[in-house]
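Coordinates in review
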Amino acid sequence: MSGLLQKNIDLAGSNIPWLEGLRDKGREAFILPTAKTEAWKYTKLRDLSADDFVLSGTDEDKSHGEEHCTCGQGECHCHHHHEPQTNLPFAGYEIHFENGILQTLAFDLPKGVMIKPLMEAVFDGDDVKKYLGKDIDLASYPFAALNTAYLEEGVYIEIEEGVILSKPIILINHTHSCHQNIMAYLRNVIVLENDAKATIIEDFEYTGEEKSRYFNNIVNEIYINKQAKLEHYKLQNEAYKAVHISLSSVRVREGGFYESFCCQKGANLARNETKISLKEEHAEAVVNAVYLMNGWATIDTTTDIEHLSPNTKSQQLVKGVVGGNAKGVFQGKIHIAPNAVKTEGRQLHKALLLSDDAEIDCKPELEIYADDVKCSHGAASGELDKEQLFYMRSRGIGEEEAKRILVEAYLNDVINQISQEDIKTWMLSQATINQEEK
Amino acid sequence: MSKTPLLEIEDLCARVADKEIVKDFSLTINEGEVHAIMGPNGAGKSTLSYVLCGKPGYEVTSGSVRFKGKDLLSMSVEERAREGLFLIMQYPVEIQGVPVTTFLKHAVNAVRKHQNLPELDTMEFIKTVREEGKKLGITPDMLKRPINVGFSGGEKKRLETLQLAILKPSLAILDEADSGLDIDALKVVAEGINAERNEHNALLVITHYQRLLNYIEPDYVHIYADGHIVKSGDKNLAIELEKNGYAAFVKEQ
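Residues numbered from 1 in each chain as written. Chains lettered and ligands numbered in written order. Predicted model: local features only at pLDDT ≥ 70, side-chain atom pairs only at ≥ 80, totals over all residues. Heavy atoms only, no water.

1. Thoughts on the overall build of chain A
Within chain A, the secondary structure is distributed over 8 helices and 20 strands. For chain A, the C-alpha atoms occupy an extent of roughly 65 × 60 × 45 Å along the three principal directions. For chain A, the proportion of its 438 residues judged to be buried stands at 58%. For chain A, the share of sequence-separated contacts (at least 6 apart) that also reach a separation of at least 24 residues comes to 85%. (Helix = DSSP H or I, 4+ residues; strand = E, 2+ residues; numbered from the N terminus. Buried < 20%, exposed > 50% of the residue type's maximum accessible area, 1.4 Å probe, protein only. Contact = heavy atoms within 4.5 Å.)

As structure tokens, then:
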């Protein structure tokens, strides 16, 4: 049995039957995928199950002696209070998580906006019960099942009808695991009522030892009601031995719009998965992403977009840059239901291979059961253009710098689609390939 | 008056994909001089320029090249550029996603770093680029566009000339700089190049038409055939060539 699913973990709210029932379903449904599991055949989980991860925030996590600390700072800061800090070049409602544990929420929110720790929303009897786990088939998403088994940390965000939030809500996830390998489970529920508009940013960074190994498992449940619009941005810059597995499950109702962009550049093993149900007419989704990596990393971008009603629309542009011995995986599924006529589903994946040992696995999948639809997918991979490299070098630009400039240029047309100027600028500055591990 | 040699090529042999194209080529270019190499299409003139710039795939099999007294052949492509070698390419490459100004700034700072000079102030740099661009008819809008993408033949050559004006190389090689240019564009480019000439730098003009040489007057003209120089003379040789064609000279061997 996998060491990921531990017994006798003390979770808050274990006396609430519906919550504990949900966790039980998660425990029952979790089976670690193997090489034979279709959804995971390109992304090998390697030694994930053999790892001795300790759940973040438990007594076991805190019980280490400082003499075992490997962070090399003389004094261990793992459980000292870290002042929330961020280098983001824009203001927003910042929500800080440290090693997957929510820190204090300290800001004034406009009327009609609620942000609460998930468990507080549960105890307060808020609508969170209506949403938790409702759209996720745990049998199909083993890591969402695992996340459900550990359901406790995260936030509940509710934007009331017609409320337009001008500043972004920023979920900043710092991991500074240094003495032992921790695992952390985050569950965020985000609800936009009719005509609401908001922006969510997820930022995953490590602040400790760059070689630290940890496992972040995130599930976002996103509900976009009629004519509401959510912009969702994510930067995944975990430590290079970390594991990051994330699922965003999104339901979009009539005229609603989900626009997302994800940049993945960290971790040894990462999957950013997005499942979108365009439930009602004129629901729309944009799911763009870039990924960049070196070393031995595997970075996976998986999408599943269901067009369930007529006149729904989805667009995906994903571009990756893979060097070293790394591997990029893209799995993109578009499902068009029999009644979903006049829908439009577009998907394009392109990758740049920087070395002979780099690998790309791409699996587009179209399931079209309706006539009168516009659907397309494309995939391409190639190498850096030698003539371009020579041209730049012949002007004095060093080979490494020329490569870096060309890589950034390759990704910029995806990033330039970001509609908010300050977020675009930030992402442009972040989309650089991390140094190869030494 | 003794002249300072800038480029000294001795018995250079080079090949591309196992085909010997440059054979026992020798030429010395001193500071302040303009040399023209003329030859028929397919004579390997572009190969010579690529060999001098160190383009991958162009292999030197024997001979030596010294640039400002240093061994040019042991330098990487970028080191040659930083030392002051510049090639105006016949077909400048398009680079999607990299704006002209960004590209120029990277290039200038790479050269300046090599010379132990501090990086240029961005505002100052943009001002300089705009001023130099204006002389060549390059609008601020063109400077924001990706390098050469959607540029006409004339615009591409003007952009090459702008890079020359900004990078201020010691030796510029013009590889068929007049191809794809109408007469007005040719004048603008030639004027731009002439404006950068001084007693310490030099030009190597590679062309198969005499036309360009009406605007950039050479001190020496060399006829290039079968991988090396078959005849040298002054600018009158170019006029003679234009009249009689290459055949007479190529036959002489």
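2. Some thoughts on the interface of chain A and chain B
Listed by partner, the interface residues are 18 residues for chain A and 31 residues for chain B. Of the roughly 1900 Å² buried between chain A and chain B on both sides combined, carbon and sulfur atoms contribute 65%. Counting the surface chain A buries against chain B, the share from its top three residues, A:Phe390, A:Tyr391 and A:Arg395, is 41%. At the junction of chain A and chain B, the tally comes to 3 salt bridges. A salt bridge links A:Arg395 to B:Glu160, with the nearest nitrogen and oxygen atoms 2.6 Å apart. Taken together, chain A and chain B are joined by 11 residue pairs in polar contact (both at pLDDT 80 or more). Elements supplying a minimum of two residues to the side of chain A that touches chain B: helix 6 (386-393) and helix 7 (399-415) of chain A. The element best represented in the side of chain A that touches chain B is helix 7 of chain A, accounting for 7 residues. Residues that form the side of chain A that touches chain B fall into these classes: 7 nonpolar, 5 polar and 6 charged. (Buried area = accessible area lost by both parts, 1.4 Å probe. Salt bridge = Lys/Arg side-chain N within 4 Å of Asp/Glu carboxyl O. Polar contact = N/O pair within 3.5 Å; in protein donor to acceptor, adjacent residues only side chain to side chain. Nonpolar A, V, L, I, M, F, W, Y, C, P; charged D, E, K, R; others polar.)

3. Things to note about the sheet that holds strand 7 (residues 171-175) of chain B
Residues and elements named next belong to chain B. Strand order across the open sheet formed by 6 strands is 6-7-8-3-9-10, with mixed pairing between neighbours. Both outer strands of the open sheet, strand 6 (85-88) and strand 10 (228-233), are each paired with one neighbouring strand and no more. Within this sheet the neighbouring strands show an average axis-to-axis angle of 20°, counted without direction. Sitting on the sheet, helix 8 (residues 235-244) is in contact with strand 3 (34-38), strand 9 (220-225) and strand 10, with an inclination near 45° to strand 9. (Pairing = 2+ DSSP bridges. Axes fitted to C-alpha atoms, helices over the stretch in contact; angles between N-to-C directions.)

4. Things to note about the pairing of strand 2 (residues 93-98) of chain A
Residues and elements named next belong to chain A. Across the 6 residues that make up strand 2, a large majority, 5, are buried. Judged from the 6 bridges that link them, strand 2 and strand 6 (residues 169-175) form a sheet pairing that is parallel. The residue bridging Phe97 from the neighbouring strand is Asn173, located in strand 6. One ladder, built from 2 bridges, connects strand 2 with strand 3 (residues 101-102); its direction is antiparallel. What sits directly across from Phe97, in strand 3, is Leu102.

5. Focus: a negative patch on the surface
On the surface, a cluster of negative charge is contributed by B:Glu10, B:Asp11, B:Glu20 and B:Asp24. The topology assignment puts B:Glu20 in strand 2 (residues 19-30). (Patch = residues over 30% accessible without salt bridge, like charges linked within 9 Å, V, L, I, M, F, W, Y side chains within 5 Å. Areas by Shrake-Rupley, 256 points an atom, 1.4 Å probe, with all protein chains shown as cover. Lys, Arg positive; Asp, Glu negative; His and termini not counted. Charge placed at Lys NZ, Arg CZ, Asp CG, Glu CD.)

6. A look at unusual backbone geometry
Outside of glycine, negative phi angles account for most residues, and trans bonds account for most peptide bonds. Residues and elements named next belong to chain B. Even without glycine at this site, Asp24 takes up a positive phi of about 45°. Residue placement: Asp24 occurs in strand 2. One non-glycine residue with positive phi stands out, namely Glu176, at about 45°. Within the element layout of this structure, Glu176 appears in the loop between strand 7 and helix 7 (183-195).

7. Considerations on the confidence of the model for chain B
Averaged over every residue, the pLDDT of chain B is 92; the share at 70 or more is 98%. When mean pLDDT is taken per element in chain B, strand 5 (residues 70-71) of chain B scores highest with 98 and helix 9 (residues 247-252) of chain B scores lowest with 70. (pLDDT = per-residue confidence, 0-100.)

8. Comments concerning the sheet that holds strand 4 (residues 58-67) of chain B
Residues and elements named next belong to chain B. The sheet built from 4 strands is open, its strands ordered 2-1-4-5 with antiparallel pairing. Every other strand in the sheet has two partners, leaving strand 2 and strand 5 as the edge strands with one partner each. As judged from the 8 bridges shared by strand 1 (residues 5-16) and strand 4, these two strands associate in the antiparallel manner. Its bridge partner lying in strand 4, Glu10 is registered against Ser64.

9. Some points on the pairing of strand 4 of chain B
Here strand 4 of chain B pairs with strand 5 of chain B via 2 bridges, running antiparallel. Paired with B:Arg66 across the strands is B:Asp71, a residue of strand 5 of chain B.

10. Comments concerning the pattern of salt bridges
Under the criterion given, the structure shown has 39 salt bridges over all chains. With its nearest N and O atoms 2.8 Å apart, the salt bridge here joins A:Arg187 to A:Glu221. With A:Arg187 in strand 7 (residues 182-192) and A:Glu221 in strand 9 (residues 215-224), the pair connects residues that are 34 residues apart, well separated along the chain. A:Glu221 carries the same exposure label as A:Arg187, and that label is buried. For B:Glu83, the salt bridge is made with B:Lys70, and the minimal N-O distance between the two is 2.9 Å. Here B:Glu83, found in helix 2 (residues 77-83), pairs with B:Lys70, found in strand 5; they are 13 residues apart in sequence, far enough to count as distant. Here the salt bridges share partners, and the residues they tie into one network are A:Glu20, A:Arg23, A:Asp24 and A:Arg27.

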